[in-house]
Amino acid sequence: MKTNEEIKQVIKQNILIERLELEDLTCEEIEDTEALFGDGLGLDSVEALDVVAGIEAEFGVSLQGMSEEDIQKHFYSVETLGAFIEKKQAVQV
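Residues numbered from 1 in each chain as written. Predicted model: local features only at pLDDT ≥ 70, side-chain atom pairs only at ≥ 80, totals over all residues. Heavy atoms only, no water.

Asker: Can you help me understand helix 4 (residues 78–92) in this one?
Answerer: Note: α-helices contain 3.6 residues per turn, so residues at a spacing of three or four share the same orientation. Helix length check: helix 4 (15 residues) gives 21 Å between terminal C-alpha atoms against 21 Å at 1.5 Å per residue, within 8%. V78, L81, G82, F84, I85 and Q89 are the residues of helix 4 that are buried. The arc enclosing the buried residues of helix 4, seen along the axis, measures out at 160°, which places them on a common side. For helix 4, the exposed residues set more than 90 degrees away from the buried face come down to K87 and V91. Near the N-terminus of helix 4, the side chain that reaches the backbone nitrogen of E79, with its oxygen 3.3 Å away, is that of S77. (Helix = DSSP H or I, 4+ residues; strand = E, 2+ residues; numbered from the N terminus. Expected span 1.5 Å × (residues − 1). Buried < 20%, exposed > 50% of the residue type's maximum accessible area, 1.4 Å probe, protein only. Arc of directions from axis to C-beta. Polar contact = N/O pair within 3.5 Å; in protein donor to acceptor, adjacent residues only side chain to side chain.)

Asker: I would appreciate a short explanation of helix 1 (residues 4–19) in the present structure.
Answerer: Restricting attention to buried positions, one finds in helix 1 the residues N4, I7, K8, V10, I11, K12, I15, L16 and I17. The inward-facing, buried residues of helix 1 contact helix 2 (45–59) and helix 4. Once helix 1 finishes, E21 follows within two positions and takes phi at roughly 60°, a positive value. (Contact = heavy atoms within 4.5 Å.)

Pasting the structure below:
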């Protein structure tokens, strides 16, 4: 099981930079608390679907059945997404 810091690194490098091809950014430039959508990184709804697919592929965490409120809460930033994944992985062990 990965630590929270390792999870956040995978989110930044493997999902945001490589999967979404945000290659003009580095992991260090993506703040943990920066919003992923809107005024933050500015991701759109299509990229959100790619983030979901990346989360499922990288961490084996299923996001099906989540309410819209939960998705907005957990997908707010790298920090909130990392905490969500860490919690889901702890339940799976």
